Amino acid sequence: MSARTGRPPKISKAEIVSAAHRIVDAEGPEGLSMRRLGREMDTTAMALYHHVRDKEELLQLLLDDYAAELPKPELPEDPAERIVAAAAAMRDAVSGRPWIVDVLRTDDLFSVRALWYPETIIDAAVRAGLSTEAAVDAYRIIWHYTGGEIAARASAARRRQDDRTTYRSRVFADLDVEELPRLAALGSRWEELTARDTYDKGVRAIVKGLLEGAAS
């Protein structure tokens with residue numbers, strides 16, 4: 001007697017998004033594919049195509065799902081401080097999912113819900129005296145700084161999980177004091193010093209430079 005197959009279990013879009021989050025958080029966006037998602041959900045890639053068109057749409061759904069949970073912080077009225085606060089909020093949001101930096105760097109995928117960040121920064125820059133075009137430039141400069149800082153910190157965190165001595169620590173432990181006196185003096189402290197969180201200092205310097213340029 002043959003076994004009854006019946007209908008396959010229904011899959012919801014919410015379940016697809018949840019499973020895709022698990023994959024991307026563990027393996028990065030490069031680890032996400034329809035086939036990989038099918039294995040994660042114990043179904044076929046073909047079944048998933050009834051709900052999502054392709055990997056690009058999957059990533060879009062992930063961005064929207066994550067952005068929907070992000071709070072909008074209270075911001076100061078001073079334009080320069082407002083830019084700094086919005087940039088810090090953007091950094092905090094994306095730091096929770098470093099893979100987002102890689103996705104946004106394609107300059108095509110983004111979440112409409114997250115457009116609050118560029119809107120706020122550009123508006124504050126215009127109020128501070130920048131032209132609209134210069135304000136967009138300012139946002140892009142701040143975003144590139146922020147995205148680079150997030151990516152660097154995420155990479156360093158992964159490296160620190162490995163207990164092996166790093167190439168950098170071996171080099172800095174044996175620098176030539178005649179050729180590189182400043183770095184040789186820092187030597188054993190280099191990793192400690194470069195691990196410090198300097199984001200606020202950096203973004204404030206960037207904002208100050210951008211706005212002073214507009215005033216001159």
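Look a little higher up for the structure.
Residues numbered from 1 in each chain as written. Predicted model: local features only at pLDDT ≥ 70, side-chain atom pairs only at ≥ 80, totals over all residues. Heavy atoms only, no water.

**Description of the overall build of the chain**
Across its full length, the chain holds 12 helices and zero strands. Traced from its N-terminal end to its C-terminal end, the chain shows the element sequence α-α-α-α-α-α-α-α-α-α-α-α. In summary, the chain has a C-alpha radius of gyration of 23 Å against a globular reference of 17 Å for 216 residues, an excess of more than 25%. For the C-alpha atoms alone, the extent of the chain along its principal axes is close to 85 × 50 × 25 Å. Within the span of the chain, comprising 216 residues, buried residues form 34% of the whole. Put simply, 70% of the contacts in the chain that link residues at least 6 apart link residues at least 24 apart. (Helix = DSSP H or I, 4+ residues; strand = E, 2+ residues; numbered from the N terminus. Rg over C-alpha atoms; globule rule 2.2 N^0.38 Å. Buried < 20%, exposed > 50% of the residue type's maximum accessible area, 1.4 Å probe, protein only. Contact = heavy atoms within 4.5 Å.)

**Structural notes on the nonpolar core**
Counting residues in hydrophobic clusters, the biggest one holds 49 residues, and the most contacted among them are Leu32, Leu37, Leu58, Leu62, Ile83, Ile121 and Ile142. Those elements that place two or more of their residues in this core are α1 (13-27), α2 (34-40), α4 (55-68), α5 (79-95), α6 (99-104), α7 (116-127), α8 (132-160) and α12 (199-215). Broken down by element, this core gets its largest block of residues, eight residues, from α5. Apart from residues no more than four positions distant in its own chain, Ile121 is found in contact with Ile83, Ala86, Ala87, Met90, Tyr139 and Ile142. (Core = buried A, V, L, I, M, F, W, Y, C linked by side-chain atoms within 4.5 Å.)

**Some words on the pattern of salt bridges**
Scanning the model with the defined rule gives 16 salt bridges in all. Its salt-bridge partner being Arg53, residue Glu57 comes within 3.5 Å of it at the nearest N-O pair. A relative accessible area of 54% places Arg53 in the exposed class. In this structure, a network of salt bridges that share partners links the residues Arg22, Glu27, Arg36 and Glu40. (Salt bridge = Lys/Arg side-chain N within 4 Å of Asp/Glu carboxyl O.)

**A look at the environment of Leu75**
As for its position among the elements, Leu75 is in the loop between α4 and α5. Sequence-distant contacts of Leu75, defined by excluding residues within four places in its chain, comprise Arg82, Ala85, Ala86, Trp116 and Thr120.

**Some details on α8**
The terminal C-alpha atoms of α8 lie 42 Å apart, and with 29 residues this matches the ideal 42 Å at 1.5 Å per residue to within 8%. Taken together, the buried positions of α8 are occupied by Ala135, Ala138, Tyr139, Ile142, Trp143, Thr146, Gly147, Glu149, Ile150, Ala154 and Ala156. (Expected span 1.5 Å × (residues − 1).)

**Some points on the packing of α5 against α7**
Closest axis-to-axis distance for the α5/α7 pair is 8 Å, and the angle between their directions is 165°. If you check the angle between α5 and α7, you find them roughly antiparallel. Once α5 is placed against α7, the crossing between them reads as left-handed. When α5 is examined against α7, the residues Pro79, Arg82, Ile83, Ala86, Ala87, Ala89, Met90 and Ala93 are found in contact with a partner set consisting of Tyr117, Thr120, Ile121, Ala124, Ala125 and Arg127. (Axes fitted to C-alpha atoms, helices over the stretch in contact; angles between N-to-C directions. Parallel < 35°, antiparallel > 145°, perpendicular 65-115°, else oblique. Left-handed = near helix turned anticlockwise from the far one by under 90°.)

**Here's the deal with the environment of Asp42**
With respect to the helices and strands, Asp42 occurs in the loop between α2 and α3 (45-48). Among the residues examined, Asp42 registers a relative accessible area of 73% and is labelled exposed.

**Focus on the environment of Ala134**
Relative to the assigned elements, Ala134 resides in helix α8. Sequence separation between Ala134 and Leu211 is 77 residues; the distance between their C-alpha atoms is 9.8 Å.

**Quick look at the packing of aromatic side chains**
Inspection of every chain in the model, using the stated rule, returns three aromatic pairs. Note on Tyr145 and Tyr199: the rings are 5.3 Å apart at their centroids and 15° apart in plane angle, and the pair reads as stacked. Of this pair, Tyr145 sits in helix α8 while Tyr199 sits in helix α12, placing them 54 residues apart in sequence. Given the relative accessible area of 2%, Tyr199 is considered buried. Judged by centre distance (4.9 Å) and plane angle (15°), the ring pair of Phe172 and Trp190 falls under stacked. Of this pair, Phe172 sits in helix α9 (residues 167-172) while Trp190 sits in helix α11 (residues 190-194); the two residues are 18 residues apart in sequence, bridging distant segments of the chain. (Phe/Tyr/Trp six-rings, centres within 6.5 Å; stacked < 30°, edge-to-face > 60°.)

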